[in-house]
Amino acid sequence: MDHFEILRKVILENSIGDIWETAVMEWDIVSLSEDDSCSSVCVCEKKGLRYCFTIQNVKNNRRLYPIGSTCIKKFGRKDLDISVDTWEKMYRLYEDVKRNKYISVSSEYFSKSILGYLYQNGAFPPTAYNGGKGENDYELMLKKFNHAKLTEKQERKVRAILVNQIIPFVRKEFSFAKC
């Protein structure tokens, strides 16, 4: 049996739906860990995982671990594809924040979906500096990410948002484990 057939079997055995197209709709990513040695084995039996995702079935709460990004992307769900990319970028951001590395608003760490995730999860709280609207900071970060021409004052504010809001949020909200 090839890896995809094994994946199909595992997903169907752990889902309410009994056909692939229905079963894959039941799953969401809930965590990510890293295996520096790349010795983890995916639920599909493929060896050599570096990023080990945990997915959870929203209908029966079953969890599968470890599962690789390649297998998750075989679910054929654009939202999960975006989620995989978001989790992986968040992991890289978290690791570099832990190492006190210089973080910039670039595609190395950010994407529109990452900024959206941060906004939706409270990384841009209302403050006196954004007129009581976190959305203002989010929109400024989007402008910076999209390479809009910013004033010197806006550039300083972007750096302040990174240092005072995003980095502390990432430190507090994320703790990725090792496999």
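Up top you'll find the structure we're talking about.
Just so it is clear, the model here is predicted, and its values are computed rather than measured.

What counts and how
Residues numbered from 1 in each chain as written. Predicted model: local features only at pLDDT ≥ 70, side-chain atom pairs only at ≥ 80, totals over all residues. Heavy atoms only, no water. Axes fitted to C-alpha atoms, helices over the stretch in contact; angles between N-to-C directions. Helix = DSSP H or I, 4+ residues; strand = E, 2+ residues; numbered from the N terminus. Parallel < 35°, antiparallel > 145°, perpendicular 65-115°, else oblique. Left-handed = near helix turned anticlockwise from the far one by under 90°. Contact = heavy atoms within 4.5 Å. Nonpolar A, V, L, I, M, F, W, Y, C, P; charged D, E, K, R; others polar. Phe/Tyr/Trp six-rings, centres within 6.5 Å; stacked < 30°, edge-to-face > 60°. Buried < 20%, exposed > 50% of the residue type's maximum accessible area, 1.4 Å probe, protein only. Salt bridge = Lys/Arg side-chain N within 4 Å of Asp/Glu carboxyl O. 1 Å grid on protein atoms, 1.4 Å probe; cavity = no way out; pocket = protein on both sides within 12 Å on 5 of 7 lines; lining within 4 Å. Points joined across faces, edges and corners; volume = space filled by probe spheres on them.

Participant: What am I meant to see in the packing of helix H5 (residues 112-120) against helix H6 (residues 134-145) here?
Facilitator: For any two helices packed against each other, one specifies the crossing angle of their axes together with the interaxial distance. Where H5 contacts H6, the axes come no closer than 10 Å and their chain directions differ by 170°. Between H5 and H6, the interaxial angle falls into the category roughly antiparallel. In this structure, H5 meets H6 at a crossing whose hand is right-handed. Every residue of H6 that contacts H5 at Lys 112, Leu 115, Gly 116 and Tyr 119 is listed here: Gly 134, Glu 135, Tyr 138, Met 141, Leu 142 and Phe 145. Taken together, the residues of the contact of H5 with H6 sort by class into six nonpolar, two polar and two charged.

Participant: What should I look at first to understand the packing of aromatic side chains in this one?
Facilitator: Each pair of aromatic rings is reported with the distance of its centres and the angle of its planes. This structure, assessed with the given rule, holds six aromatic pairs. On the numbers, 6.5 Å between centres and 40° between planes, the contact of Tyr 119 with Phe 124 is tilted. For Tyr 119, a relative accessible area of 31% puts it in the partly exposed group. Given a relative accessible area of 3%, Phe 124 falls into the buried group. Relative to Tyr 138, the ring of Tyr 119 lies with its centre 4.5 Å away and its plane at 15°, an arrangement referred to as stacked. Here Tyr 119 is found in helix H5, whereas its partner Tyr 138 is found in helix H6, with 19 residues between them in sequence. Take Tyr 138: its relative accessible area is 17%, and that puts it in the buried class. Following the ring pairs from residue to residue traces out a cluster consisting of Phe 4, Trp 20 and Phe 75.

Participant: I'm lost on the pattern of salt bridges in this one. Help?
Facilitator: A pair can form between side chains of opposite charge whenever their charged atoms are brought close. Applying the stated rule across the entire model yields 13 salt bridges. Across the salt bridge formed by Lys 98 and Glu 95, the nearest N and O atoms sit 3.4 Å from each other. Residue Lys 98 and its partner Glu 95 are located together in helix H4 (residues 78-98), separated by three residues, close to a single helical turn. According to the relative accessible area criterion, Glu 95 is buried, its value standing at 7%. It is possible to trace a salt-bridge network through shared partners that takes in Glu 95, Asp 96, Lys 98, Arg 99 and Lys 101.

Participant: Which parts of the structure should I look at to understand the layout of surface pockets?
Facilitator: Empty space among the atoms can be located by rolling a probe the size of a water molecule over them. Its volume calculated, the largest pocket comes out at about 190 Å³. Thr 127, Tyr 129, Asp 137, Lys 153, Lys 157, Ala 160, Ile 161, Asn 164 and Gln 165 together form the lining of the largest pocket. Here the second largest pocket is characterised by a volume of approximately 150 Å³. Considering the residues around the second largest pocket, the lining is formed by 14 residues, among which Lys 46, Leu 49, Gly 68, Ser 69 and Thr 70 are closest to the centre. When its residues are assigned to classes, the lining of the second largest pocket shows five nonpolar, five polar and four charged.

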